[in-house]
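# Notes for the structure review
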Amino acid sequence: MTTTAVRPPAGAAPETVPPRGRLRERLSGHWYAWAMVAPVVVVLSVLVFYPLVQGVYLSLTDANEMNSARTIGVNEIEATYEFVGLDNYLDVLSGVEGAFYPRLLWTLVWTVACVLLHYSLGLGLALLLNRALKGRSVYRMLLILPWAVPPFVAAFAWRLVLNTDGGVLNALLGSVGLDGVDWLGDPTAAKIAVILVNVWLGVPFMMVALLGGLQTVPRELYEAAEMDGATPWQRFRAVTLPGLRPVSGTVILLGTIWTFNQFAVIALLTGGGPGGATNILVTEAYERAFQGIRDYAGAATYGALIASMLVVFAFFYRRWLDRQSSEVLS
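Residues numbered from 1 in each chain as written. Predicted model: local features only at pLDDT ≥ 70, side-chain atom pairs only at ≥ 80, totals over all residues. Heavy atoms only, no water.

## Looking at the side chain of Thr61
Within the secondary structure, Thr61 sits in the loop between α2 (31-59) and β1 (70-72). Among the polar contacts listed, one links the side chain of Thr61 to the backbone oxygen of Leu58, at a separation of 2.8 Å. Those residues in contact with Thr61 that lie beyond four places of it in its chain are Tyr81, Glu82, Phe83, Val84, Asn88 and Ala297. (Helix = DSSP H or I, 4+ residues; strand = E, 2+ residues; numbered from the N terminus. Polar contact = N/O pair within 3.5 Å; in protein donor to acceptor, adjacent residues only side chain to side chain. Contact = heavy atoms within 4.5 Å.)

## What to know about the side chain of Thr240
Examined against the element boundaries, Thr240 turns out to sit in helix α10 (residues 232-243). Take Thr240: its relative accessible area is 3%, and that puts it in the buried class. (Buried < 20%, exposed > 50% of the residue type's maximum accessible area, 1.4 Å probe, protein only.)

## Description of the pattern of salt bridges
Applying the stated criterion to the full structure yields two salt bridges. Glu284 is the salt-bridge partner of Arg103, the closest N and O atoms lying 2.9 Å from each other. Taken together, the positions of Arg103 in helix α4 (residues 100-129) and Glu284 in helix α13 (residues 281-290) put the pair 181 residues apart, joining distant regions of the chain. Across this residue pair, the class does not change: Arg103 and Glu284 are buried. A salt bridge links Glu284 to Arg288; its shortest N-O distance comes to 3.2 Å. Taken together, the positions of Glu284 and Arg288, both in helix α13 and four residues apart, correspond to about one turn of that helix. Each member of the pair, Glu284 together with Arg288, is buried. The structure contains a network of salt bridges with shared partners spanning Arg103, Glu284 and Arg288. (Salt bridge = Lys/Arg side-chain N within 4 Å of Asp/Glu carboxyl O.)

Following this line, the structure appears as structure tokens:
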């Protein structure tokens, strides 16, 4: 028995099967990828996105320890804080609040100094370790040790080194006839101390990242430049730095974000002291949230401003890098 296909009448539009939704098609075609990503999305939503949204909301209120919901014994006290809009931001940015701009200035100095030293020292060490040295693997392991040490352990160890009475550094100064320095009690010395410790912690990351970048630069470029009579400095400027541009852009961006938000070193080494001299924006926000009468709205306002500044910096920095790359290619 044979069957014949039924054709539509002449002039009639052909019957079409409605296309499946693009989202449904992607979900069905790559379900395993979505299944792998789902736990990460859930964790980020709980640990990052929800606190971020909650923080922005609190920054628009007058929430503090006295008017927030709390439990005292068997009594549950409801929250009485109110929505105030942008008043907190206006108070901070207009200078009424008083501490923002001094903290911002020191945060910028701290970030620029640390990232500049991280990059320059890391690049210098990477150039040394990229050469054929006897025992190079041992040197790499020793230089990367500070990166493996937890920040709180490093901070307490450096407190012993920088201690005014009996500290290792002051003992060394005394052995050569110099007076000891109150490293953690004098404002200027404390700022130098926290920069020193943060540089000690951050240089290994820069070194490892830049060493990996150096090993991707073709040796033929160095040989061609040497044959053309280029000096070592000219080879460094014309071959090494351009070859490191992709890696440098990424590590400087990451280093800036990490240093701008570096809480552990300052909080554990100086506690923001003396007299708040070493407080950066993030440690100032912490003090507002957890010390004295807890100002949740003020701390949230600082946090929102910190996040906004880093997002703006990252946006314009990446645009600048893209423009530099396009100029080189053209």
